[in-house]
Each structure stands twice: as structure tokens, then as C-alpha cells.
Amino acid sequence: MITNTFDLIILGGGPAGYLAAERASGAGLNVLIVEQRFLGGVCLNEGCLPSKALLHSAKVFDYANHSEQYGVKVGSVTIDHNAVVERKNKIVKTLVAGIKSKMRQNKVTVVEGTGIITGNNSVKVGDIEYTGKRLLICTGSHPVVPPIKGVAECITNGTVLTNREILDIREIPKKLVVIGGGVIGLEMASYFNSVGSSVTVIEMLPHIAGQTDKEISTILLKNYTDKGVTFKMNCKVTEVTENSVAYESEGKTEIQPADKVLLSIGRRPSTEGIGLETIGVYCEKGAIITDDTMLTNIPNVYAAGDVNGKSMLAHTAYREAEVAVNNMLGKKDFMRYNAVPSVIYTTPEVGAVGETEESAKQKGLDVEVITKPMMYSGRYVAENTRGDGICKIVVDKKQNSILGVHLIGNYASEIIYGAALMIETQMTVDYIKELVFPHPTVCEIIRETLFK
Ligand code: NAI
């Protein structure tokens with residue numbers, strides 16, 4: 001029987017939405033998910049995963065180009081950017097098909113269209129009104145477009161791209177200017193530098209990579225400078241034209257020629273045009289405010305993922321979605337943000353979790369910071385030619401437990417969850433020293449660092 005009445009209506013089918021649908025239907029709820037573009041959201045379709053596909057191709061290309069360093073001789077190496085994009089598209093198709101199939105298996109009703117909240121228990125999609133005992137808002141985020149002269153026109157004429165369009169361009173730009181040296185900017189600068197673009201990153205702060213530990217972001221900057229990326233730090237973009245970017249540096253206006261411009265200055269929660277004001281959902285700075293059960297100020301209305309602006313990461317969205325569903329089911333569950341890992345998929349990779357030295361000191365915590373070169377790991381020595389990676393651990397002196405771990409060096413992305421586990425479970429330093437790590441691995445660096 002077709003019904004318009006559900007136990008739970010979810011707006012948005014990205015990581016928060018589809019995971020919540022899976023968990024809630026698994027627990028026996030009758031779930032409707034409304035998605036206006038594509039299941040999988042930004043992460044699967046035009047963010048995390050497609051960018052990893054491109055970066056992996058670049059890594060293979062880089063290895064082939066520098067294979068002599070590893071005693072391997074190959075002929076001339078070329079990159080077929082179109083084939084890279086085709087491979088990326090196939091990966092996205094497979095992943096999205098996987099989500100669709102999960103929704104089918106779980107008997108989740110999926111409706112295509114824009115869902116507008118019309119009441120505390122109702123959502124309209126086109127002319128059809130659906131009612132739900134609970135609502136979960138997972139409408140995600142979108143790129144910030146600043147009111148810089150020429151940007152709007154250059155988005156229309158295709159010179160200025162966001163993370164969405166850059167993944168699909170078919171020609172490698174000769175000159176790529178990246179506005180914003182954050183996560184997206186650095187990952188895309190990495191890919192296009194590897195495949196032959198001349199890349200310039202313009203960043204308004206004195207450092208790249210946002211909240212990353214400053215010693216680590218300095219090492220990352222040096223790596224990419226040595227690879228040929230140009231960084232313009234402390235610079236403010238003032239105008240973009242079809243073939244250049246103007247920016248202010250120390251009071252002077254400079255012009256940087258550009259074939260394409262990537263705009264990556266951050267993302268903003270998508271809270272407009274979905275009827276939040278109809279039921280009075282409280283927002284601050286465009287983000288939905290939730291408590292640590294992901295409940296908004298309105299009973300039975302929850303929000304998870306980028307839309308609450310707390311930690312714009314897909315893995316945070318997953319956990320927030322679970323917390324929301326558990327609370328809907330009457331199980332007490334609370335979201336904790338102190339051990340959410342983050343990764344930058346550059347080469348070398350950056351992995352971080354918990355407090356930095358700076359943030360710990362700002363909170364007045366009594367910490368000891370221990371730093372060791374990655375070269376203390378035998379596997380790292382065997383596999384890397386450059387060797388300037390580091391492991392930095394922030395230790396709470398009073399509790400003798402770990403507050404933060406910051407890594408730069410390959411495999412950091414795969415190692416960092418172990419550090420998150422140590423922080424989340426408040427393992428003591430003495431206990432971690434007793435753990436047996438596999439040898440030889442790069443993760444041994446954590447144990448090694450703690451022995452000072
Ligand atoms: P971001 O917040 O990471 O970095 C933006 C950068 O732009 C900052 O360094 C900022 O100082 C700079 N900036 C801001 N306005 C500027 C201006 N007018 N001129 C020059 N520089 C300016 O934002 P990004 O890179 O766009 O990423 C958006 C979101 O996507 C982030 O929340 C990130 O966590 C998430 N993301 C995560 C990934 C991962 O976990 N590996 C990969 C891609 C995105």
C-alpha cells in the first residue's frame with residue numbers, strides 16, 4: 001500500500017541522510033528520504049570520494065615519473081586526464097549504486113525533489129505532502145561564493161570553478177589559480193600540480209591548511225613549494241577576470257594570470273529555502289543549532305551533518321546521524337567532538353585528531369608536546385625518499401593521557417583512527433606503551449614518540 005505517512009522523514013540523502021535512513025529502517029522505522037540532486041550527496045558525487053580517485057591517479061603518475069628513485073626504470077610516462085575523469089565517474093556510479101541498493105534493501109522510500117518543511121510533522125515535495133512523526137534535516141552545505149568583483153560573471157563563463165566543476169574539467173589548465181589554501185584547495189592543487197598545471201594558491205592567512213598544527217602546515221607548504229606550487233600568503237583577492245586574478249599583497253595590487261580559478265574558501269550550511277522558518281527552527285550564522293543529541297529547538301526535529309556547521313566532515317555526519325536516530329528510538333546517545341579525526345589527502349598525507357599544542361594552551365591545559373621524526377619508523381624509511389614527516393603528540397600532564405596526535409607522512413590517513421581511539425577511551429600513556437604494534441609499520445611512530 002502506498003502511504004504518505006512515515007515514522008521518520010529525512011531531508012537530504014548525503015552521508016548523514018543515507019546513514020540515518022539505514023539505521024532507522026534497520027530498527028524498524030518506516031523511513032522516507034527526500035533528495036533533490038543525487039543520493040550520496042557531495043561526498044560521494046563531487047567531494048571526498050571523486051577527489052580521492054583523482055588523487056590516486058596522480059599518485060600512480062608521480063610514482064611512475066620518479067620510479068628511478070626506487071630502482072625502477074620505465075619509459076616515458078604520460079597522463080590521460082580524460083581517462084582519469086572517466087575512471088572517477090565509474091567509481092562514483094558504483095558507490096551511488098551501492099547506496100541506492102542499500103536503500104532498497106532497507107525498504108526506505110526515496111523521493112526525488114526538493115523537500116520543503118510545511119509543519120512540525122510535514123514536508124511537501126512538489127504537490128505531494130508527506131507526514132512524519134519525526135524530521136531529520138541533513139541538507140548539507142554549499143561553497144561560499146564571496147562578493148569579489150568578477151567572481152559571479154566568471155562562474156557563469158566557466159573560469160571560476162568550485163569543488164563540483166573542477167572534478168569534471170576535461171582539459172588540464174595551463175595556469176590554475178586556487179583561492180583558499182584549505183583542504184579542498186590543497187587537495188586540488190596537489191592533483192593539478194602533479195598532472196602538469198602551473199598552480200598558484202592565494203591564501204589570506206599566514207598559513208595553509210586551516211586549524212592544522214602550524215609546524216605540520218609549514219612542512220606541507222615546503223613540500224608543495226619544492227614540487228613547484230606557488231603560494232601567495234597573507235593575500236586578499238580583489239578581482240577575478242576571464243584570464244587573471246588580482247590580489248593585494250602588502251598594500252600593493254598584483255596580477256596572477258589564470259586559465260581556470262578554483263574557489264575553495266570554505267562551505268556554508270544549506271539552510272535556506274527549506275521552510276525552517278515555517279516551524280521556527282533556530283539557526284545561528286546560517287547553521288541549525290542542535291544539542292548533543294542532534295535535536296533542534298523544535299521537538300522531534302533533528303539536524304545532522306554539515307547543516308549544523310559543527311564539524312563539516314562526512315565521518316562526523318555519520319556519527320551525528322546515528323546519535324539522532326538512537327535518541328529518536330529512545331536510546332540515550334550523545335555526540336562527542338573531542339576525538340574526531342581529520343585528514344588532508346595530499347602527498348605527504350596529514351592526519352590529525354584532538355588538541356593541537358596551540359588549542360590546548362588556549363584552554364589553559366597543562367600539556368607536554370613530544371615530537372619525533374617519521375624517520376624513526378623503519379617502514380617510513382624504506383618507502384619514502386624525502387623523510388621530513390613528523391609525529392607530534394600532545395599529552396595531558398595531569399591525566400598522563402593523550403589529548404592530540406598530529407601526523408604528516410604517508411599512511412597518516414589510515415593511522416589516525418588509532419589515535420582517535422586512544423583519545424576517545426582516555427588511554428594512559430603507560431597503557432599505550434604496553435600495546436604491541438605490528439612491525440614494520442608507520443603506525444609504530446605513535447608508540448616510539450611516547451617513549452621520547
Ligand atoms: P577550508 O575552510 O578548509 O579552507 C578555506 C581557506 O580559504 C582557509 O584557509 C581560509 O583562510 C581561506 N580563505 C577564505 N577566504 C579567502 C579569500 N577571500 N582569499 C583567500 N583565501 C581565503 O574550506 P575548503 O577547502 O573550501 O573546504 C570546505 C569544507 O570541506 C571544509 O569544511 C572541509 O573540512 C571539507 N572537506 C574535507 C576534506 C577532507 O576531509 N579531506 C576534503 C574536502 C573538503
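Anything mentioned here points back to the structure above.
Residues numbered from 1 in each chain as written. Predicted model: local features only at pLDDT ≥ 70, side-chain atom pairs only at ≥ 80, totals over all residues. Heavy atoms only, no water.

This part is about the site of the ligand. Around the ligand lies a shell of 19 residues, among which I184, E187, E203, G266 and V343 are the nearest. Here an oxygen atom of the ligand and a backbone polar atom of I184 are 2.9 Å apart. Within the backbone of V343, a nitrogen or oxygen atom sits 2.9 Å from a nitrogen atom of the ligand. A per-element tally of the shell around the ligand places helix α7 (residues 183-194) first, with four residues. The class makeup of the residues in the shell around the ligand is 11 nonpolar, five polar and three charged. (Near = heavy atom within 4 Å. Polar contact = N/O pair within 3.5 Å; in protein donor to acceptor, adjacent residues only side chain to side chain. Helix = DSSP H or I, 4+ residues; strand = E, 2+ residues; numbered from the N terminus. Nonpolar A, V, L, I, M, F, W, Y, C, P; charged D, E, K, R; others polar.)

This part is about the pattern of salt bridges. Under the criterion given, the structure shown has 25 salt bridges. The closest approach of N and O atoms between R23 and E322, which form a salt bridge, is 2.9 Å. Here E322 lies in helix α10 (residues 314-328) and R23 lies in helix α1 (residues 15-26), a separation of 299 residues in the sequence. One salt-bridge network, held together by shared partners, links E22, R23, K102, R319, E322 and D333. (Salt bridge = Lys/Arg side-chain N within 4 Å of Asp/Glu carboxyl O.)

This next bit is on the packing of helix α3 (residues 48-65) against α7. The contact between α3 and α7 brings their axes to 9 Å, and the two run at 40°. Looking at the two axes, α3 sits oblique to α7. Judged by the sense of rotation from one axis to the other, the crossing of α3 with α7 is left-handed. The residues of α7 that touch α3, namely those facing S51, K52, L54, L55, A58, F61 and D62, are E187, M188, S190, Y191 and S194. (Axes fitted to C-alpha atoms, helices over the stretch in contact; angles between N-to-C directions. Parallel < 35°, antiparallel > 145°, perpendicular 65-115°, else oblique. Left-handed = near helix turned anticlockwise from the far one by under 90°. Contact = heavy atoms within 4.5 Å.)

Before going further, it helps to examine the packing of aromatic side chains. Taken as a whole and judged by the stated rule, the model has four aromatic pairs. The interplanar angle of 65° and the centroid separation of 5.7 Å between the aromatic rings of Y63 and Y70 together place this pair among those described as edge-to-face. For Y70, a relative accessible area of 36% puts it in the partly exposed group. With centroids separated by 4.9 Å and ring planes inclined at 90°, the aromatic side chains of Y191 and F192 adopt a geometry described as edge-to-face. According to the relative accessible area criterion, Y191 is buried, its value standing at 0%. Lying across the ring of Y376, K372 places its NZ or CZ 4.9 Å from the centre. (Phe/Tyr/Trp six-rings, centres within 6.5 Å; stacked < 30°, edge-to-face > 60°. Buried < 20%, exposed > 50% of the residue type's maximum accessible area, 1.4 Å probe, protein only. Lys NZ or Arg CZ within 6 Å of the ring centre and 35° of its normal.)

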